[in-house]
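Spelled out from the first residue to the last, the chains are:
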Amino acid sequence: MSSRPLSWVNTAFPFAAAYFMSTRQIDVVLIVGTIYFLIPYNLAMYGINDVFDYESDLRNPRKGGVEGALLDPSVHRLTLRAALILNVPFLVFLIAVGNPLSWVVLAISVFAVIAYSAPGLRFKERPFIDSLTSSTHFVSPAIYGFVLAAVMFTPALWALLAAFFLWGIASHAFGAVQDIVADRDGGISSIATVIGGRATVRLAFSAYLLGGILLLFTHFPGPFAAILVLPYAVTVMPFWNITDADAQTANRGWRRFLAINFAVGFLVTMLLSWYGILTVGCVGGTAADSGSSIPLPIVEAGIGQSRDFVGCH
């Protein structure tokens with residue numbers, strides 16, 4: 001009923017990686033949380049968008065495939081009901097196993113999902129806020145995983161999250177370039193319609209590179225991830241001087257972006273595995289002081305300072 005299935009893993013993976021690399025256990029919280037951020041979360045995010053963007057999507061030539069569904073009006077109400085019904089039980093569980101800080105993070109995450117497309121809020125039509133909100137969709141599940149696992153937020157972890165957030169901003173901004181003509185015809189504002197395609201591409205390029213620089217401030221082997229921003233920067237580079245009139249040509253770069261995500265995701269997984277091997281000697285602990293209503297396992301660093309997000313106390 002909803003669209004962009006290729007992007008659904010982009011919310012589940014950050015949560016699963018953050019929680020698992022912090023707790024080092026496969027437990028019910030990991031399983032339920034991963035399923036939530038894979039299916040119900042994305043059904044809400046993209047389902048709400050498909051329903052309330054239907055009229056504008058009709059005028060957008062790239063809609064109707066993996067880049068966005070044209071959801072028949074006959075299933076609009078069913079889609080919204082399904083999103084609500086599927087989200088509620090997962091949210092109840094995650095609230096029950098969480099702590100006050102995790103509730104705040106989860107609330108921000110869900111609010112961002114709704115606010116992006118829902119009438120009366122429509123953050124997607126608020127230039128610059130649109131890119132910030134879109135990035136929140138992907139970064140907040142990771143933050144939620146860390147908070148749920150009661151990790152200590154070190155400067156290196158903040159650098160990692162900031163880099164991820166810049167990646168999200170850059171990706172949304174670049175994706176908006178291809179829709180400049182369609183959005184303007186439909187009376188929709190976006191970061192790209194306001195500052196133009198050329199400036200948006202250059203903003204995305206700069207954000208990617210800045211994100212890569214921030215990754216250099218993470219602990220080994222985190223700096224290797226800085227290399228992974230280069231394919232994204234190279235992808236947007238050919239559109240450095242794009243004009244608004246030919247903004248639709250940026251779709252070629254966007255399709256490459258979708259493919260790059262899978263390759264980069266694989267390499268990130270390899271880096272996480274490497275990190276896991278390096279921290280295999282960590283000492284077990286408990287998160288009793290985290291405020292959680294159940295004892296969530298965390299681990300304590302045992303080998304110096306090269307621990308970005310292993311929970312220490």
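Up top you'll find the structure we're talking about.
Since this is a predicted model, take the numbers as computed values, not measurements. (Residues numbered from 1 in each chain as written. Predicted model: local features only at pLDDT ≥ 70, side-chain atom pairs only at ≥ 80, totals over all residues. Heavy atoms only, no water.)

1. Considering helix α8 (residues 155–177)
The α-helix advances 3.6 residues per turn, and as a result positions three or four apart in sequence lie on the same side.
Point 1. With 23 residues, α8 extends 33 Å from end C-alpha to end C-alpha; this agrees with the ideal 33 Å at 1.5 Å per step.
Point 2. Counting buried residues along α8, 17 of its 23 residues qualify, which places the element largely inside the surrounding structure. (Helix = DSSP H or I, 4+ residues; strand = E, 2+ residues; numbered from the N terminus. Expected span 1.5 Å × (residues − 1). Buried < 20%, exposed > 50% of the residue type's maximum accessible area, 1.4 Å probe, protein only.)

2. As for the packing of helix α1 (residues 9–23) against helix α13 (residues 251–278)
Point 1. The N-to-C vectors of α1 and α13 enclose an angle of 5°; their axes lie 12 Å apart at closest approach. In this view, α1 runs roughly parallel relative to α13, as classed from their interaxial angle. Side by side, α1 and α13 meet where Asn10, Phe13, Ala17 and Met21 of the first sit next to Asn261, Val268, Thr269, Leu272, Tyr275 and Gly276 of the second.
Point 2. Partitioning the contact of α1 with α13 into residue classes produces six nonpolar, four polar and no charged. (Axes fitted to C-alpha atoms, helices over the stretch in contact; angles between N-to-C directions. Parallel < 35°, antiparallel > 145°, perpendicular 65-115°, else oblique. Contact = heavy atoms within 4.5 Å. Nonpolar A, V, L, I, M, F, W, Y, C, P; charged D, E, K, R; others polar.)

3. Considerations on helix α7 (residues 129–148)
Point 1. Compared with the 28 Å implied by 1.5 Å per residue over 20 residues, the 27 Å span of α7 between its first and last C-alpha is a close match.
Point 2. A bend of about 40° at His137 is the largest found in α7, and the proline Pro141 appears one to four places after it.
Point 3. Within α7, 17 of the 20 residues are buried, which leaves the element mostly enclosed by the surrounding structure.
Point 4. Positive backbone phi, approximately 60°, marks Ala150, located one or two places after α7. (Bend = angle between axes of the 7 residues up to and from the residue.)

4. A closer look at the packing of aromatic side chains
Point 1. By the definition in use, this model includes 23 aromatic pairs.
Point 2. Their ring planes at 35° and their centres at 5.3 Å tell us that Phe15 and Phe37 sit as a pair that is tilted. One end of the pair, Phe15, is in helix α1; the other, Phe37, is in helix α2 (residues 28–38), and 22 residues separate them in sequence.
Point 3. Among the residues examined, Phe15 registers a relative accessible area of 0% and is labelled buried.
Point 4. Judged by relative accessible area, Phe37 falls into the buried class, the value being 0%.
Point 5. Between the aromatic rings of Tyr208 and Tyr232, the centroid separation amounts to 5.4 Å while the plane-to-plane angle is 25°, which identifies the pairing as stacked. Pair noted here: Tyr208 is in helix α11 (residues 197–215) and Tyr232 is in helix α12 (residues 230–236), with a separation of 24 residues, a long-range link.
Point 6. Since its relative accessible area comes to 2%, Tyr208 is described here as buried.
Point 7. The class of Tyr232 is buried, set by a relative accessible area of 5%.
Point 8. Ring pairing ties together the aromatic residues Phe15, Tyr19, Tyr36, Phe37, Tyr41, Phe90 and Tyr144, which thus form one cluster. (Phe/Tyr/Trp six-rings, centres within 6.5 Å; stacked < 30°, edge-to-face > 60°.)

The quantities given are spatial measurements derived from coordinates; they are silent on function.
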